[in-house]
Amino acid sequence: MHKGEVIDMLEEYELLLRVDGMDGKAAMVGMAAQSIREAESIPPDPMQIDGIGPFFREMIVDFQMKGTNEELEQLRMWYPYARELTQVDGIGPTLARRLHDHVGVTCVEDLLEVELTEVRGVGEATAENIRLSAMSVLLQRA
């Protein structure tokens, strides 16, 4: 398994932890991803990398062997919309969850169909910027 795949897994895990409101743990995951990014490669014992302790060693080795992680899979099931919505400029993990919980947004297309200003923290200007970014994301996919 390539170093980039491990970094991608940790970054997705960090995002989903933030959606879940676990910012402290997410920050630790982000630091672990940065430590791996700075390393030349991932050694057989990831704890040889500064900033990687027993928890992350187990997670990385498990991911390398199985291609997945149970906690990550659980978070993916709880927040299936998070990765897609955070591709839109102006939407971070917290707003993605608010959009889902308050107006039922599950995909980029939904952002063009709901009244975004019904969500706490979204005014007219922010709503317009999100809509424009959503349209850009959709055009890039086409």
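About the cut-offs
Residues numbered from 1 in each chain as written. Predicted model: local features only at pLDDT ≥ 70, side-chain atom pairs only at ≥ 80, totals over all residues. Heavy atoms only, no water. Axes fitted to C-alpha atoms, helices over the stretch in contact; angles between N-to-C directions. Helix = DSSP H or I, 4+ residues; strand = E, 2+ residues; numbered from the N terminus. Parallel < 35°, antiparallel > 145°, perpendicular 65-115°, else oblique. Left-handed = near helix turned anticlockwise from the far one by under 90°. Contact = heavy atoms within 4.5 Å. Nonpolar A, V, L, I, M, F, W, Y, C, P; charged D, E, K, R; others polar. Phe/Tyr/Trp six-rings, centres within 6.5 Å; stacked < 30°, edge-to-face > 60°. Buried < 20%, exposed > 50% of the residue type's maximum accessible area, 1.4 Å probe, protein only. Core = buried A, V, L, I, M, F, W, Y, C linked by side-chain atoms within 4.5 Å.

K.L.:
Tell me about the packing of helix 1 (residues 3-19) against helix 4 (residues 70-78), and name the residues and values.
P.N.:
The N-to-C vectors of helix 1 and helix 4 enclose an angle of 50 degrees; their axes lie 10 Å apart at closest approach. Judged by the inter-axis angle, helix 1 sits oblique to helix 4. In this structure, helix 1 meets helix 4 at a crossing whose hand is left-handed. Two secondary-structure elements touch here, helix 1 through Met9, Glu12, Tyr13, Leu16 and Leu17 and helix 4 through Glu71, Leu72, Leu75 and Arg76. Counted by class, the contact of helix 1 with helix 4 contains 6 nonpolar, no polar and 3 charged residues.

K.L.:
Please provide a residue-by-residue account of the packing of helix 2 (residues 23-38) against helix 3 (residues 54-66), values included.
P.N.:
The geometry of helix 2 relative to helix 3 is characterised by a closest axis approach of 11 Å and an angle of 70 degrees between their N-to-C directions. In this view, helix 2 runs roughly perpendicular relative to helix 3, as classed from their interaxial angle. For helix 2 against helix 3, the interelement crossing comes out right-handed. Contacts from Lys25, Met28, Val29, Ala32 and Ile36 of helix 2 reach helix 3 at Phe55, Phe56 and Ile60. In terms of residue class, the contact of helix 2 with helix 3 is built from 7 nonpolar, no polar and 1 charged.

K.L.:
So what's going on with the packing of aromatic side chains? Which residues, and what values?
P.N.:
Any two aromatic rings considered together are summarised by their centre-to-centre distance and by the angle between their planes. If you walk through the whole model with that rule in mind, you get 3 aromatic pairs. Their ring planes at 80 degrees and their centres at 5.0 Å tell us that Phe55 and Phe56 sit as a pair that is edge-to-face. Under the relative-accessibility criterion, Phe56 is labelled buried at 7%. When the ring of Trp78 is compared with that of Tyr79, the centres are 6.4 Å apart and the planes differ by 85 degrees; the resulting orientation is edge-to-face.

K.L.:
Residues and numbers for the nonpolar core, please.
P.N.:
Membership of the largest hydrophobic core comes to 45 residues, with the highest contact counts inside it found for Leu10, Ile36, Ile91, Leu99 and Leu111. Of all the elements in the fold, those that place two or more residues in this core are helix 1, helix 2, helix 3, helix 4, helix 5 (82-85), helix 6 (93-103) and helix 7 (124-141). No other element matches the 8 residues that helix 1 contributes to this core. Contacts of Ile91, omitting those with residues within four sequence positions, involve Leu85, Thr86, Ala96, Leu99, Leu111 and Ile130.

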